[in-house]
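Understanding the architecture of this molecule
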Amino acid sequence: MRVALFVACFDDAMFPATGKAVTSLLERLGHEVSYPPGQTCCGQVHWTTGYHREAAALARGFTGAFEGSEAVVTASASCAVAVRDAYPRIARSARDPGLARAAEGLAVYELTEFLVDVLGVTDLGAYFPHRVTYHPTCQSLRTLGVADRPLRLLRAVRGLELVELPAAEECCGFGGAFAMKNADVSVAMVADKVRHVRDTGADVVCAADNSCLAHIGGALSRLRGGVRVMHLAEILAETGPV
């Protein structure tokens, strides 16, 4: 299959290793990965903060960049939500039926959905000998409904000890602009999340969104507890002894 890689702005600017990991994973499975150079921001932040005209312009650019793609895969659950859930609303707001049709024609998948549901694989031949806990981000859990797909993939990683995160479904407090507009509440929420992470004794906490991991990782770094944050894709891309 020919897969078009969609790299979120946040990942492109701060976590480039994630896009490389997704490429490595898909190529390991025998698929051709392309990176449409015309892609820019999907417009999620603009839409959620009220800049609807700007969001529509970005959505038109995005659908044009990925037009005709057999499958579009991203390691950002929140950006997958933007395209699949927000674009129809953006099109209605902009009174743009062409944008609505273009968005409907895109097959956009969050990485774990694509691996498990489309490709039908859970064992990627990964090796990661560490104690790991998984944080289900709000967008992946509540809007995309990825359910246990990430956990099924993690359980198949050789050497990995997966430990349950207490109160896993509680938000970490990032929420994009929420962390800036409601800083005190956000800090209180991430303090709870970090306490639960540390209670697991994990070496690594992973998730399907680097934005949430940046928030959690920033709080963890201040405690100097030695717990790392890693995107799920980077763990799945790790290989080692058979």
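Residues numbered from 1 in each chain as written. Predicted model: local features only at pLDDT ≥ 70, side-chain atom pairs only at ≥ 80, totals over all residues. Heavy atoms only, no water.

Under an unreviewed UniProt entry, the name given to the protein is (Fe-S)-binding protein, and the source organism is Actinomadura litoris.

Considering the sheet that holds strand β4 (residues 108-110)
In space, the four strands of this open sheet follow the order β2-β1-β3-β4, with parallel pairing throughout. This sheet does not close on itself; its edge strands, each paired only once, are β2 (32-34) and β4. Averaged over all adjacent pairs, the angle separating strand axes in this sheet is 35°, with direction ignored. As judged from the three bridges shared by strand β3 (residues 71-74) and β4, these two strands associate in the parallel manner. (Pairing = 2+ DSSP bridges. Helix = DSSP H or I, 4+ residues; strand = E, 2+ residues; numbered from the N terminus. Axes fitted to C-alpha atoms, helices over the stretch in contact; angles between N-to-C directions.)

Thoughts on the nonpolar core
Ranked by size, the top nonpolar core spans 59 residues in total, and within it Ile90 and Ile235 carry the most contacts. In terms of residue count, helix α5 (residues 77-94) provides more of this core than any other element does, ten residues in total. Looking at this core, you find at least three residues from each of domain 1 (2-118) and domain 2 (131-237). Not counting residues up to four positions away in its chain, the partners in contact with Ile235 are Ala126, Phe128, Val132, Leu154, Leu160, Val204, Cys206 and Met230. Of all hydrophobic cores here, the second largest spans 14 residues; its members include Phe174, Ala179, Val197 and Cys212. (Core = buried A, V, L, I, M, F, W, Y, C linked by side-chain atoms within 4.5 Å. Buried < 20%, exposed > 50% of the residue type's maximum accessible area, 1.4 Å probe, protein only. Domains from an automatic or database assignment. Contact = heavy atoms within 4.5 Å.)

So, the environment of Ala80
Here Ala80 is to be found in helix α5. The buried category is assigned to Ala80, whose relative accessible area is 0%. It is 9.0 Å that separates the C-alpha atoms of Ala80 and Gln139, two residues lying 59 residues apart in sequence. Ignoring sequence-local partners within four residues, the contact set of Ala80 consists of Thr74, Val108, Glu110 and Leu144.

Description of the sheet that holds strand β5 (residues 131-134)
Taken together, the four strands give an open sheet; going across it, the order is β6-β5-β7-β8, and neighbouring strands pair in parallel fashion. The open sheet has two edge strands with one neighbour each: β6 (161-163) and β8 (228-231). Within this sheet the neighbouring strands show an average axis-to-axis angle of 35°, counted without direction. When β5 meets β6, the two strands line up parallel, connected through three bridges. Following the sheet pairing, Thr133 is matched in β6 by Val163. The strands touched by helix α12 (residues 210-223) within the sheet are β7 (204-207) and β8, with β8 carrying the most contacts at an inclination of about 175°.

Quick word on the packing of aromatic side chains
For any two aromatic rings, the description comes down to two numbers: the centre-to-centre distance and the angle of the planes. Tallied over the full model, the rule gives seven aromatic pairs. When the ring of Phe6 is compared with that of Phe62, the centres are 4.7 Å apart and the planes differ by 70°; the resulting orientation is edge-to-face. Residue Phe6 is found in strand β1 (residues 2-6), and its partner Phe62 is found in helix α4 (residues 52-66); the two are separated by 56 residues along the sequence. Classification of Phe62 by relative accessible area gives buried; the value is 0%. Ring geometry for Phe62 versus Phe66: centroids 4.6 Å apart, planes at 40°, classification tilted. In this pair, Phe62 and Phe66 are both assigned in helix α4, four residues apart and thus about one turn of the helix distant. (Phe/Tyr/Trp six-rings, centres within 6.5 Å; stacked < 30°, edge-to-face > 60°.)

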